[in-house]
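What follows is each chain in one-letter form.
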Amino acid sequence: MFQGLQQKWKVSGLQLVLILFTFAVGGSLTGFVGRRMMNLVSIEQDWLWIIVYILIITLLWPAVVLFVSVFFGQYGFFLGYLGKIGKRMGLAKKMNKAQIPTSDTPMESTNSLPSHLPGATGRPTTHIAIFASGAGSNAQKIIDHFRRQGHIKISLIVCNKPGAGVLSIASKENIPAILIDKEKFFRGNAYTDELKEKRIDFIILAGFLWKIPAALIKAYPGKIVNIHPALLPKYGGKGMYGNHVHQAVINAKEKESGITVHYVDEHYDHGDAIFQTTCNVFENDTAESLAQRIHLLEHEHYPRVIEKILSGS
Ligand code: GRF
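Note that the structure is predicted; figures quoted are calculated from it, not measured.

Novice: What's the story with the sheet that holds strand S3 (residues 177-179) in this structure? I'm lost.
Specialist: Pairing within the open sheet is mixed, and its seven strands lie in the order S3-S2-S1-S4-S5-S6-S7. Two strands close off the open sheet at either side, each with one partner strand: S3 and strand S7 (273-280). With strand direction ignored, the average angle separating the axes of adjacent strands in the sheet is 20 degrees. Across three bridges, the pairing between strand S2 (residues 152-159) and S3 is parallel. Residue pairing in the sheet places isoleucine 157 in a bridge with alanine 177 of S3. Where helix H8 (residues 165-172) meets the sheet, its contacts fall on S2 and S3, and the angle it forms with S2 comes to roughly 140 degrees.

Novice: Quick question: what am I supposed to make of the confidence of the model for the protein here?
Specialist: Low pLDDT marks regions whose predicted coordinates should not be analysed in detail. Per-residue confidence for the protein averages 85 on the pLDDT scale, and 84% of its residues sit at or above 70. Segment residues 93-117: pLDDT under 50, and 30 contacts once partners within four positions in sequence are set aside and those in other chains are kept.

Novice: Would you mind showing me how to read the pattern of salt bridges here?
Specialist: Between side chains of opposite charge, pairing is possible as soon as their charged atoms come close. Evaluation of the coordinates by the stated rule reveals seven salt bridges. A salt bridge links glutamate 173 to lysine 172, with the nearest nitrogen and oxygen atoms 3.2 Å apart. Here lysine 172 falls in the exposed class, since its relative accessible area comes to 53%. Across the pair lysine 184 and glutamate 194 runs a salt bridge, and its minimum N-O distance is 2.4 Å. Of this pair, lysine 184 sits in helix H9 (residues 182-187) while glutamate 194 sits in helix H10 (residues 192-197), placing them ten residues apart in sequence. Each of Asp144, Arg147, Lys172 and Glu173 takes part in a single network of salt bridges with overlapping partners.

Novice: Any chance you could explain the packing of aromatic side chains here in plain terms?
Specialist: How two aromatic rings sit relative to each other is given by the distance of their centres and the angle of their planes. With the rule as written, the count across this model stands at eleven aromatic pairs. Residues phenylalanine 21 and phenylalanine 72 carry aromatic rings whose centres are separated by 6.0 Å and whose planes lie at 5 degrees to one another, so their mutual orientation is stacked. Of this pair, phenylalanine 21 sits in helix H2 (residues 13-39) while phenylalanine 72 is found in the loop between helix H3 (46-71) and helix H4 (75-88), placing the two residues 51 residues apart along the sequence. Relative to tryptophan 210, the ring of phenylalanine 186 lies with its centre 5.6 Å away and its plane at 50 degrees, an arrangement referred to as tilted. Residue phenylalanine 186 is located in helix H9, and its partner tryptophan 210 is located in the loop between strand S4 (202-205) and helix H11 (214-219); the two are separated by 24 residues in the primary sequence. A relative accessible area of 31% places phenylalanine 186 in the partly exposed class. Judged by relative accessible area, tryptophan 210 falls into the buried class, the value being 16%. By way of ring pairs, the aromatic residues Phe131, Phe185, Phe186, Tyr191, Phe208 and Trp210 are connected into one cluster.

Novice: Can you walk me through the site of the ligand in this structure?
Specialist: If you check the shell around the ligand, you find Gly134, Ala135, Gly136, Ser137, Asn138, Gly207, Ile227, His228, Pro229, His295 and Glu298 and nothing else. Alanine 135 places a polar main-chain atom, nitrogen or oxygen, 3.3 Å from an oxygen atom of the ligand. Isoleucine 227 places a polar main-chain atom, nitrogen or oxygen, 2.9 Å from a nitrogen atom of the ligand. Mapped onto the shell around the ligand, the elements with two or more residues apiece are helix H7 (137-146), strand S5 (224-228) and helix H13 (287-311). Tallied by class, the residues present in the shell around the ligand amount to three nonpolar, seven polar and one charged.

Novice: Whenever I open this one, H7 confuses me. Can you help?
Specialist: One full turn of an α-helix is made of 3.6 residues, so residues set three or four places apart face in the same direction. Most of H7 sits out of view: eight of its ten residues are buried. The set of residues buried in H7 consists of Ser137, Asn138, Ala139, Gln140, Lys141, Ile142, Ile143 and Phe146.

Novice: Which parts of the structure should I look at to understand unusual backbone geometry?
Specialist: What you tend to see is this: most non-glycine residues have negative phi, and most peptide bonds are trans. Between leucine 232 and the following residue, proline 233, the backbone shows a cis peptide bond with an omega angle of 10 degrees. Among the secondary structure elements, proline 233 is positioned in the loop between S5 and helix H12 (242-251). If you check the backbone angles, alanine 190 has positive phi at about 55 degrees while not being a glycine. With respect to the secondary-structure elements, alanine 190 resides in the loop between H9 and H10. Residue classification places alanine 190 among the buried residues on the basis of a relative accessible area of 1%. Unlike most non-glycine residues, lysine 253 shows phi in positive territory, near 55 degrees. By the element assignment, lysine 253 lies in the loop between H12 and strand S6 (256-263). According to the relative accessible area criterion, lysine 253 is exposed, its value standing at 67%.

Novice: How should the pairing of S2 be read in this particular structure?
Specialist: A large share of S2 lies buried, amounting to eight of its eight residues. Where strand S1 (residues 126-131) and S2 come together, six bridges link them in parallel fashion. The residue of S2 that forms the bridge with isoleucine 130 is isoleucine 157. In terms of handedness, the path from S1 via H7 over to S2 forms a crossover that is right-handed. Of the crossover connections in this fold, the one passing from S2 over H8 to the parallel S3 is right-handed.

Cut-offs used in this document
Residues numbered from 1 in each chain as written. Predicted model: local features only at pLDDT ≥ 70, side-chain atom pairs only at ≥ 80, totals over all residues. Heavy atoms only, no water. Pairing = 2+ DSSP bridges. Helix = DSSP H or I, 4+ residues; strand = E, 2+ residues; numbered from the N terminus. Axes fitted to C-alpha atoms, helices over the stretch in contact; angles between N-to-C directions. Contact = heavy atoms within 4.5 Å. pLDDT = per-residue confidence, 0-100. Salt bridge = Lys/Arg side-chain N within 4 Å of Asp/Glu carboxyl O. Buried < 20%, exposed > 50% of the residue type's maximum accessible area, 1.4 Å probe, protein only. Phe/Tyr/Trp six-rings, centres within 6.5 Å; stacked < 30°, edge-to-face > 60°. Near = heavy atom within 4 Å. Polar contact = N/O pair within 3.5 Å; in protein donor to acceptor, adjacent residues only side chain to side chain. Nonpolar A, V, L, I, M, F, W, Y, C, P; charged D, E, K, R; others polar. Right-handed = clockwise from strand over helix to strand, strands pointing away.

Structure follows, in structure tokens:
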């Protein structure tokens, strides 16, 4: 059951424990506060008392759980969770409609604040492009992480593979996406004009399989990062992607694997490492089972590492 929840919510084991604690503490606190509030009103009829109590609890619960989630470091998760419940009840949609300005760029306006304005904190907005070629589970986690941070905006998804999952994510999240052409990427302007036009400040690679051309690195020096599903410098380089990496790790009978976040230079998986963390490799692991464990690590750490890089800490 717990593994099912972990997969459904795409969270690590530790995060699942913290989420369950939040539910438990939030639920108890809601009951407590609800009963206190009921003591303040005098209702004679039992049935009316029950209806009012249920109403109060229903209204209180989201606020209390959000409050408690801050202490367990799960505010981002619960904001998304309650947003989903709201959407299902038709509430969030109505809110979104009211928030969308009637400009001719509605796709950009729904992700966070309008791009030309400073973020909610008064800081100028950092515009990010995510480059991805695959399912986009990391892209989704990064989008979720920065959804409520007005000064950091995922402004563009760049993809080289028609039909890739990340394109559906872009359309669901109302983030503009471009499908790039190999010739133009490697022999043309590497899409630098388009990126500058969108005022992109920083590039995140999240499962992008093409090498980054020198023109792009020159245009964004020290502002392109990648995540690799192993402990670089081992198991990196050309052809080392997806399950090829994990199979190589298993074949070498490694006891540990992990993830590496690094700056991008002109070579595959080569720039300076920024962050690494490890997980076990078990004797009965397959490339698929190891990939699952690595993905959880990526989802837990990549957004936070990016936030740290952007904050300069
Ligand atoms: C991740 O494992 C990442 O390390 C690698 O590509 C994979 C992308 O997965 N660079 P997803 O598309 O984010 O699910």
